[in-house]
Structures are given as structure tokens and as C-alpha cells.
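An overview of the molecular structure
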Amino acid sequence: MIEMLQMLNLGIRFLLELVVLIIYGFWGYRIGWGVWSQRALSIGLLLAAAVLWGLLGSPKATYALPVPLHSLLELLMFGLPVILLLRMSHPALAVLYGAVALANKLLMIFWNQ
């Protein structure tokens, strides 16, 4: 039973990574001042976050960061979307996302995932 919950938690983590990218993309779209800048910022922020996380933060990252830097990167990647959702006037989504991300991280620490 615990193994199934651990796998579920890892699946939720993957979904959170996708949600983070979506939020960064929406934020880029919102801060754009014209059609082309909205598209460029939307795709650019999404890709920048994906590349940064893939190279430095993901479990199979190309470059392993020391634990304090990895924790800081993880806090920025998964914490900043709460602020961005609040800035986009979505407080309920910010609370929901923040609660799920926090619970997921606490379970990852507890189960040493």
C-alpha cells in the first residue's frame, strides 16, 4: 500500500512540474504587450524554465547541484508559481497549487524520494 502511495506521490510531482511550466507560460502571455511579445514571452519563459529544471533540478539532471543550491532552485521553481497566480488574480488556484506542492514535497522528504 505504501509503495502505491509513493508512486502516486511521484506521479503528482510530475504533474506539478507540468503545471509549473503552464503557469510560467500563462505568466509570459499576461506580461506581453502585443500579440508577438505575448507569444514569445509565453513560449520563452516556459522553455527557459524547462531547460533550467532539466539541466539542474530534475532527478536525472545533467549537472547535479549541491543540496543547498538544489533546494533554492526547487523553491524558486515550485514556489514562484504561487506568487504568479496571485499576481494574475487567481488566489484560489494559488492556494490549491501551493498546498498540493507543499504536501508533495513534505511526503517526498518523509519517504526519501
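Provided above is the structure to which this section pertains.
Residues numbered from 1 in each chain as written. Predicted model: local features only at pLDDT ≥ 70, side-chain atom pairs only at ≥ 80, totals over all residues. Heavy atoms only, no water.

**Examining the environment of isoleucine 2**
- Position of isoleucine 2 relative to the elements: it lies in helix H1 (residues 2–31).
- Placed 109 residues apart in sequence, isoleucine 2 and tryptophan 111 show a C-alpha to C-alpha distance of 9.5 Å. (Helix = DSSP H or I, 4+ residues; strand = E, 2+ residues; numbered from the N terminus.)

**Some thoughts on the pattern of salt bridges**
- By the definition in use, this model includes 2 salt bridges.
- For glutamate 74, the salt bridge identified is with arginine 13, shortest N-O distance 2.2 Å. Here arginine 13 lies in helix H1 and glutamate 74 lies in helix H3 (residues 67–87), a separation of 61 residues in the sequence. The pair glutamate 74 / arginine 13 is uniform in exposure class, with both members buried.
- A salt bridge links lysine 105 to glutamate 74, with the nearest nitrogen and oxygen atoms 3.1 Å apart. Placement of lysine 105 in helix H4 (residues 91–110) and of glutamate 74 in helix H3 is noted, with a sequence separation of 31 residues between them.
- Taking relative accessible area as the criterion, lysine 105 reaches 29% and is therefore assigned partly exposed.
- Because the salt bridges share partners, they merge into one network encompassing Arg13, Glu74 and Lys105. (Salt bridge = Lys/Arg side-chain N within 4 Å of Asp/Glu carboxyl O. Buried < 20%, exposed > 50% of the residue type's maximum accessible area, 1.4 Å probe, protein only.)

**Observations concerning helix H2 (residues 35–57)**
- With 23 residues, H2 extends 32 Å between its outermost C-alpha atoms, agreeing within 8% with the 33 Å of an ideal straight helix rising 1.5 Å per residue.
- Along H2, the residues classified as buried are Ser37, Gln38, Ser42, Ala49, Trp53 and Gly57.
- At its buried positions, H2 is contacted by H1 and H3. (Expected span 1.5 Å × (residues − 1). Contact = heavy atoms within 4.5 Å.)

**Looking at the packing of H1 against H4**
- At a closest axis distance of 10 Å, the pairing of H1 and H4 adopts a crossing angle of 140°. Of the possible angle classes, the one that applies to H1 and H4 is oblique. You can see that H1 and H4 cross each other, and the crossing is left-handed. Residues Asn9, Leu10, Ile12, Arg13, Leu16, Val19 and Val20 of H1 form the contact with H4, whose own contacting residues are Tyr97, Val100, Ala101, Asn104, Lys105, Leu107 and Met108.
- Across the contact of H1 with H4, the residue classes tally to 10 nonpolar, 2 polar and 2 charged. (Axes fitted to C-alpha atoms, helices over the stretch in contact; angles between N-to-C directions. Parallel < 35°, antiparallel > 145°, perpendicular 65-115°, else oblique. Left-handed = near helix turned anticlockwise from the far one by under 90°. Nonpolar A, V, L, I, M, F, W, Y, C, P; charged D, E, K, R; others polar.)

**A look at unusual backbone geometry**
- The phi torsion at serine 89 lies on the positive side, around 65°, for a residue other than glycine.
- Tracing the backbone shows serine 89 in the loop between H3 and H4.
- For serine 89, a relative accessible area of 56% gives the class exposed.
- Despite not being glycine, asparagine 112 shows a phi value in the positive range, around 55°.

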